Amino acid sequence: MHRFRAARSVVLTVVLLAATTLAARSEEAGVSEDAILFGQAAALEGPSSALGQRMRQGIVAAFTEINAKGGVHGRKLQLISRDDGYDPDRSVAQTLRLIEDDKVFALIGAVGTPTAMATIPITSAKNIPFIGPFTGAEFLRDLELPNVVNIRASYGAEAEAWIKHLTEDRKFTRIGIFYQDDSFGRDGLLGVKRALARRGLELAAEGTFERNTRAVAAAWRMIKRAEPEAIVMVGTYGPCAEFIKLAHRSGFYPTFVNISFVGANALATELGPEGEGVIVSQVVPFPWDRSLKLVADYQAAQAAFDPTLTPDFVSLEGYLSGRLAAAALEKAGPNPTRASLLRAINDIGRFDISGNTVTVGTRMIDTPPRVFLTVIQKDGTFKAVDRL
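If you're wondering where the values come from, they're calculated on a predicted model, not measured in any experiment.

In this section: the overall build of the protein chain. Within the protein chain, the regular secondary structure consists of 14 helices and 15 strands. For the protein chain, the spread of C-alpha atoms along the three principal axes comes to 65 × 45 × 40 Å. Looking at the 388 residues of the protein chain, the share that counts as buried comes to 58%. Contacts in the protein chain between residues far apart in sequence, at least 24 positions, make up 68% of those at least 6 positions apart. Accessible area for the protein chain stands at about 15700 Å²; split by element, carbon and sulfur atoms hold 51% of it. Once the 44 positive and 43 negative side-chain charges of the protein chain are each reduced to a mean point, those two points are 2 Å apart.

Rendered as structure tokens:
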């Protein structure tokens with residue numbers, strides 16, 4: 001059954017493309033007279049599916065909003081999403097399908113560090129725009145990768161925010177880490193070690209788990225011995241929730257701090273009442289704060305696309321990615337190419353998206369994206385951490 005599901009592609013399109021649409025007059029792949037086609041390879045099924053699905057929902061909401069206003073230079077924006085199950089090998093296969101079979105113009109909303117590590121060589125070799133990946137991996141911030149368009153803060157910046165709060169606000173010195181045993185987890189681990197070293201501290205304990213599993217008992221035993229005051233977590237919502245519940249069942253209640261990639265709303269849902277007090281760092285504005293024009297526009301766009309959807313940090317990030325892609329296409333002119341889109345993004349470097357400034361490329365060095373901490377309440381809602 002698993003093999004069948006892994007082999008089966010989940011193809012989701014905003015609008016079914018007629019064959020004539022792809023037989024475009026433009027020489028650039030994915031650009032026709034009336035449409036521009038984007039592709040997403042992400043987890044749409046399996047244990048991390050909420051991440052890919054919500055990124056997709058946000059992107060489609062943005063595209064729906066743009067299309068309702070006539071599109072970009074008369075072309076509607078369309079998305080094909082393919083399921084990679086948060087698996088690097090499958091992500092390579094699905095990315096190649098999007099590029100070679102679907103002939104997409106650009107990739108958007110990919111999910112994960114290990115998957116990105118596997119697919120970036122393909123996209124970079126072809127100079128295909130890789131917009132808004134849902135990962136804060138440091139390697140994606142290499143200026144030698146001009147086709148990668150990051151909109152979120154790095155995991156190193158998130159780690160610095162955690163350790164600053166835990167050591168300066170909470171006065172903790174014994175901090176452990178629970179992380180996914182792959183490139184994603186090790187990226188977070190390095191960020192935490194560096195943040196601690198800046199304060200003359202070292203990790204009290206560390207434990208790992210395997211991607212796409214909830215096998216966390218061994219990691220819990222390793223970390224528990226050190227009795228840390230706080231445990232920072234670099235993983236997805238399933239195993240992180242499992243770990244927190246296991247700790248609580250053992251009568252142990254340290255402060256838990258999660259990375260934005262966890263999927264904050266999915267984590268809160270998994271934990272239920274046990275989520276109270278769990279901290280999650282965020283890299284996008286509060287998706288319920290309608291006093292922000294960006295959030296009001298996002299909520300309206302999401303309701304127009306699917307009234308049953310609720311606000312969510314991940315889908316807001318997808319929405320931002322979709323709006324950024326549209327804004328850059330406007331600047332690229334009426335005959336966009338992949339090269340002209342990337343040139344527009346990297347030359348401008350700063351885009352106003354509904355009053356929210358998104359900084360990309362080299363501009364990120366001087367104006368890094370914001371990180372803030374939130375804490376889960378008893379009812380599963382979030383509020384900002386008071387002190388930082």
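There is more to say after this.
Residues annotated by UniProt as "domain: Leucine-binding protein" (unreviewed entry) correspond here to residues 39-352. Overall, residues 39-352 shows 48% helix and 15% strand. The separation of its end C-alpha atoms is 24 Å.

How large an interface is tends to be reported as the accessible area lost when its parts come together. Along its sequence, the protein chain is carved into domain 1 (35-153 + 288-354) and domain 2 (155-282 + 372-384). Inter-centroid distance (C-alpha atoms) of domain 1 to domain 2 is 27 Å. Contact residues are listed per partner, giving 26 residues for domain 1 and 24 residues for domain 2. Summing both partners gives a buried area of about 1900 Å² for domain 1 against domain 2, and 56% of it is carried by carbon and sulfur. For the pair domain 1 and domain 2, the interface holds one salt bridge. Summed over the shared surface of domain 1 and domain 2, the result is 12 residue pairs in polar contact (both at pLDDT 80 or more). Looking at the side of domain 1 that touches domain 2, the elements with two or more residues in it are α3 (49-68), α5 (113-126) and α12 (313-332). The biggest single contributor to the side of domain 1 that touches domain 2 is α3, with four residues.

Here we come to the sheet that holds strand β14 (residues 372-376). If you trace the seven strands from one edge of the open sheet to the other, you get β8-β7-β9-β10-β11-β14-β15, paired in mixed fashion. Unpaired on one side and paired on the other, β8 (205-209) and β15 (382-384) mark the two borders of the sheet. Averaged over all adjacent pairs, the angle separating strand axes in this sheet is 25 degrees, with direction ignored. Inspection of the sheet shows strand β7 (residues 175-180) paired to β8 by five bridges, in the parallel sense. By the bridge assignment for β8, Phe178 is matched with Gly207. Sheet contacts for helix α7 (residues 183-197): β7, β8 and β9 (230-234); angle to β7, the most-contacted strand, approximately 160 degrees.

Now for the nonpolar core. Formed by 105 residues in total, the largest nonpolar core has its most connected members in Phe38, Phe178, Phe243 and Leu267. Considering each element in turn, this core owes the most residues, 10 residues, to α12. For this core, the domains that each give at least three residues are domain 1 (35-153 + 288-354) and domain 2 (155-282 + 372-384). In this structure Leu267 touches Tyr237, Cys240, Ala241, Asn258, Val262, Val278, Val280 and Ile376, once residues within four positions along its chain are discounted. Grouped together as the second largest cluster of nonpolar side chains are 17 residues, Ile99, Ala116, Ile122 and Leu145 included.

With that settled, consider the pairing of strand β2 (residues 35-42). Buried residues dominate β2, accounting for eight of its eight residues. The side-chain alternation of β2 yields two buried faces, one formed by Ala35, Leu37, Gly39 and Ala41 and the other by Ile36, Phe38, Gln40 and Ala42. This β-α-β element, β2 to α3 to strand β3 (residues 76-83), shows right-handed connectivity. Bridging between β2 and strand β4 (residues 106-108) involves two bridges; their strand directions are parallel. Residue pairing for β4: Gly39 is matched across the bridge by Leu107.

Before going further, it helps to spend a moment on the environment of Gly263. Mapping Gly263 onto the fold places it in the loop between β10 (255-258) and α10 (264-271). For the pair Gly263 and Glu27, spaced 236 residues apart in the sequence, the C-alpha separation amounts to 39 Å. With near-sequence residues (within four places) excluded, Gly263 lies in contact with Leu51, Tyr237 and Val314.

What follows covers the packing of aromatic side chains. What the rule picks out here adds up to 18 aromatic pairs. Ring geometry for Tyr86 versus Phe261: centroids 5.8 Å apart, planes at 40 degrees, classification tilted. With Tyr86 in the loop between β3 and α4 (88-101) and Phe261 in the loop between β10 and α10, this pair connects stretches of sequence that are 175 residues apart. The interplanar angle of 80 degrees and the centroid separation of 5.9 Å between the aromatic rings of Phe286 and Phe313 together place this pair among those described as edge-to-face. Taken as a pair, Phe286 in the loop between β11 (279-282) and α11 (293-305) and Phe313 in helix α12 lie far apart in primary sequence, 27 residues in all. Using a relative accessible area of 4% as the deciding quantity, one classes Phe313 as buried. Members of the aromatic cluster, each reached through a chain of ring pairs, are Phe178, Phe209, Trp220, Phe243, Phe252 and Phe256. Looking at Lys224, its charged tip hangs above the ring of Phe252, at a distance of 5.0 Å from the centre.

On to the side chain of Asp297. Counting through the fold element by element, Asp297 comes out in helix α11. A polar side-chain atom of Asp297 sits 2.6 Å from a polar atom in the side chain of Ser354. Once residues within four sequence positions are removed from consideration, Asp297 is found in contact with Glu65, Tyr319, Arg323 and Ser354.

Criteria and cut-off values
Residues numbered from 1 in each chain as written. Predicted model: local features only at pLDDT ≥ 70, side-chain atom pairs only at ≥ 80, totals over all residues. Heavy atoms only, no water. Helix = DSSP H or I, 4+ residues; strand = E, 2+ residues; numbered from the N terminus. Buried < 20%, exposed > 50% of the residue type's maximum accessible area, 1.4 Å probe, protein only. Contact = heavy atoms within 4.5 Å. Areas by Shrake-Rupley, 256 points an atom, 1.4 Å probe, with all protein chains shown as cover. Lys, Arg positive; Asp, Glu negative; His and termini not counted. Charge placed at Lys NZ, Arg CZ, Asp CG, Glu CD. UniProt positions renumbered as here; feature names shortened; annotations may be inferred. Domains from an automatic or database assignment. Buried area = accessible area lost by both parts, 1.4 Å probe. Salt bridge = Lys/Arg side-chain N within 4 Å of Asp/Glu carboxyl O. Polar contact = N/O pair within 3.5 Å; in protein donor to acceptor, adjacent residues only side chain to side chain. Pairing = 2+ DSSP bridges. Axes fitted to C-alpha atoms, helices over the stretch in contact; angles between N-to-C directions. Core = buried A, V, L, I, M, F, W, Y, C linked by side-chain atoms within 4.5 Å. Right-handed = clockwise from strand over helix to strand, strands pointing away. Phe/Tyr/Trp six-rings, centres within 6.5 Å; stacked < 30°, edge-to-face > 60°. Lys NZ or Arg CZ within 6 Å of the ring centre and 35° of its normal.

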